[in-house]
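The primary structure of each chain is shown beneath.
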Amino acid sequence: MTIKQITLVKNAIGILIFWIAPPLIYFFKEKLGFGGGSVFTGIVYVSGLILMLNHFHAKVGHKPNTFLLLLGGTFFSVAMIYFFLMNKEMTMFNTDLINFALIFGFFFSLLRVDNQVQKYLPVLILIITFLTSCALIYSVATNPNYVFGTRATVQYTSKTTENFTGNPYIYSRNGLAGFLISFLIINRSWDSIKVPHVYLTRLLAHINVWFSLIVIILTQTRATILTLLLALPCILFFMVPVKSVFTNIKRQSYIFYALMIGNLYYFATKLRIIELIDSYYNSFFNLFIRAMSTGVTLGKSSEVDESAMGRVNNINYIKQLWNTSKIDFAFGHGYRYRYIDIPMLESLVNFGIFGFILFAGFHITFLYFAYRCFKSNTIFQNFIGLFYLNTFVGMFTSGRPMDFAYWVSFLIFIRFMNVEMVEDKNEIEKLV
């Protein structure tokens, strides 16, 4: 490998430490006991920034998607004004400040990474998502408190007296990323990516696409299932014709599928795996329908979902807030005023009408550029366009508008969305 190729691989690993690898980091921290508290996570993130360093001058960087940068930068600036002047949760001030420092460091490091890094990211995403799926399955298999049918996650070994606790959402998101990148690598041309070993990469993609589906089933996250239902038609309409899905299985993958079918037959007869899958399906389908019914009827359905009902209560709270003080509502009540669990609505409560318009416009623009990514001939562009759909669903289902994980994804999209792997006119542009 040349020095430039080594630099690009190093930069790609640094990017993925922030973006795709956090579930694997949590596995090492919580399950294997690495580090102490957030210290280990902080060290890993700083290592990611170090890996993203290169030989460019500090005032030099590559051009991102400037329109997304303008919208995102404006909203972020508004949020920072509220953070310093109207902060309603000062107990989180130091933590937020550290997160914002990491966000700024990550963004400026991204600007200094060559566009060609997009060639190296897909295979590395494939490897990391596969390792994370293996980590989750290992955690579940070694957890005596896990019961089939409950949501799978990496068990936290401290900080709580509960027998089984964790966050299934990040592993579900990892399963989605693994499925999307594996499916694209299997079915799309490899002209746009660097592949270290053709046969092993193809085989790993076939294995990971199924491992990822297993993870999605085990974690039972509704936002991920909804994203998958949105992504599959986009894949089949814009990227991969249905008939080619069945013709892209290469000779070296036949052995894998033969072994998989044989194992499925064994487990189906010995462990009643068909009944288990049916149980998972029925459980999740009932939960999904109940949540949708609760949301659509605003809690007036005969059976309500507790998680969805929490969001319904927050919507009712916003209505009361509007009737109480329309002026305060118009200008915003302040940073972290109330946890709504619907980022799009929380942007309205926290930052007022102007902040909401900026945030909504930001995501409408994301959708436009995601659509353009669907039609790209490069695998990484296809991937970030599809993967954004999960972030879009998240804007209406969970989290806060200034969450660290969301902004890491936003910055990836700002830097690379619709930015093809071509050199800038002068190769690099000076940033003022």
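Residues numbered from 1 in each chain as written. Predicted model: local features only at pLDDT ≥ 70, side-chain atom pairs only at ≥ 80, totals over all residues. Heavy atoms only, no water.

- Per an unreviewed UniProt entry, the recorded name for the protein is O-antigen ligase domain-containing protein, and the organism is Aquirufa salirivi.

## Overview of the overall build of the protein
- Summing up its helical and strand segments, the protein has 17 helices and 2 strands in all.
- Looking at the protein as a whole, 51% of its 432 residues are labelled buried.
- Put simply, 75% of the contacts in the protein that link residues at least 6 apart link residues at least 24 apart. (Helix = DSSP H or I, 4+ residues; strand = E, 2+ residues; numbered from the N terminus. Buried < 20%, exposed > 50% of the residue type's maximum accessible area, 1.4 Å probe, protein only. Contact = heavy atoms within 4.5 Å.)

## With respect to the nonpolar core
- In terms of nonpolar packing, the biggest core is built from 97 residues, with Ile-15, Trp-19, Phe-106, Phe-383, Met-402 and Met-417 touching the most fellow members.
- In terms of residue count, helix H15 (residues 343-374) provides more of this core than any other element does, 11 residues in total.
- Look past the residues within four positions of Ile-15 in its chain and what remains in contact with it is Met-52, Phe-106, Leu-110, Val-113, Val-117, Leu-121, Ile-412 and Phe-416.
- Formed by 11 residues, the second largest nonpolar core is a distinct cluster that contains Leu-24, Ala-152, Val-215 and Leu-218. (Core = buried A, V, L, I, M, F, W, Y, C linked by side-chain atoms within 4.5 Å.)

## Some thoughts on a nonpolar patch on the surface
- A contiguous nonpolar surface patch, about 510 Å² in accessible area, is contributed by Ile-81, Phe-84, Leu-85, Met-86 and Leu-97.
- Mapped onto the elements, Phe-84 comes out in helix H4 (residues 66-85). (Patch = residues over 30% accessible without salt bridge, like charges linked within 9 Å, V, L, I, M, F, W, Y side chains within 5 Å. Areas by Shrake-Rupley, 256 points an atom, 1.4 Å probe, with all protein chains shown as cover. Salt bridge = Lys/Arg side-chain N within 4 Å of Asp/Glu carboxyl O.)

## Some words on the side chain of Gln-118
- The topology assignment puts Gln-118 in the loop between helix H5 (93-111) and helix H6 (121-141).
- For Gln-118, a relative accessible area of 1% gives the class buried.
- Beyond its immediate sequence surroundings of up to four residues, Gln-118 is in contact with Ser-192, Phe-380, Gln-381, Phe-416, Val-419, Glu-420 and Met-421.

## Structural notes on the packing of H4 against H15
- Interaxial distance between H4 and H15 falls to 9 Å at its minimum, and their mutual angle equals 155°. The angle between H4 and H15 falls in the class roughly antiparallel. Between H4 and H15 the crossing geometry is left-handed. Residues Phe-67, Leu-68, Leu-71, Gly-72, Thr-74, Phe-75, Val-78, Ala-79 and Tyr-82 of H4 touch H15, and the partners they reach there are Asn-350, Phe-351, Phe-354, Gly-355, Leu-358, Phe-359, Gly-361, Phe-362, Thr-365, Phe-366 and Phe-369. (Axes fitted to C-alpha atoms, helices over the stretch in contact; angles between N-to-C directions. Parallel < 35°, antiparallel > 145°, perpendicular 65-115°, else oblique. Left-handed = near helix turned anticlockwise from the far one by under 90°.)

## Brief notes about unusual backbone geometry
- Not every positive phi belongs to a glycine, and Arg-336 is a case in point at roughly 55°.
- You can see Arg-336 is positioned in the loop between helix H14 (326-331) and H15.
- Of the residues examined, Arg-336 reaches a relative accessible area of 15% and is grouped as buried.
- Its identity is not glycine, yet Asp-341 carries a phi of approximately 70°, on the positive side.
- Position of Asp-341 among the secondary structure elements: in the loop between H14 and H15.
- Its relative accessible area of 14% is what places Asp-341 among the buried residues.

## What about helix H8 (residues 198-219)?
- Over its 22 residues, H8 extends 31 Å from the first C-alpha to the last, a length consistent with the 32 Å expected when each residue adds 1.5 Å.
- Within H8, burial applies to Thr-201, Arg-202, Leu-204, Ala-205, His-206, Asn-208, Val-209, Ser-212, Val-215, Ile-216, Leu-218 and Thr-219.
- Phi for Gln-220, located one or two positions after H8, is positive at around 50°. (Expected span 1.5 Å × (residues − 1).)

## A word on the pattern of salt bridges
- Taken as a whole and assessed by the stated rule, the structure comprises 3 salt bridges.
- Arg-336 is the salt-bridge partner of Asp-96, the closest N and O atoms lying 2.9 Å from each other. Linking Asp-96 in helix H5 with Arg-336 in the loop between H14 and H15, this pair joins segments that are 240 residues apart in sequence.
- Connected through salt bridges with shared partners, the residues Glu-89, Glu-346 and Arg-400 form a single ionic network.

## A word on the environment of Asp-328
- Within the element layout of this structure, Asp-328 appears in helix H14.
- Relative accessible area serves as the criterion here: at 41%, Asp-328 is assigned to the partly exposed category.

## Here's the deal with the packing of aromatic side chains
- Summed over the entire model, instances satisfying the criterion amount to 43 aromatic pairs.
- Over the face of the ring belonging to Trp-190 we find Arg-202, whose NZ or CZ atom lies 4.4 Å from the ring centre.
- The side chain of Arg-338 reaches across the aromatic face of Tyr-317, ending 3.8 Å from its centre. (Phe/Tyr/Trp six-rings, centres within 6.5 Å; stacked < 30°, edge-to-face > 60°. Lys NZ or Arg CZ within 6 Å of the ring centre and 35° of its normal.)

## Description of H6
- Here H6 is 21 residues long and its end C-alpha atoms lie 30 Å apart, about the 30 Å a rise of 1.5 Å per residue gives.
- Counting buried positions along H6 gives 15 out of 21 residues, so the element sits mostly inside the fold.

## Quick notes on the environment of Gly-355
- Structurally, Gly-355 can be placed in helix H15.
- Residue classification places Gly-355 among the buried positions, given a relative accessible area of 0%.

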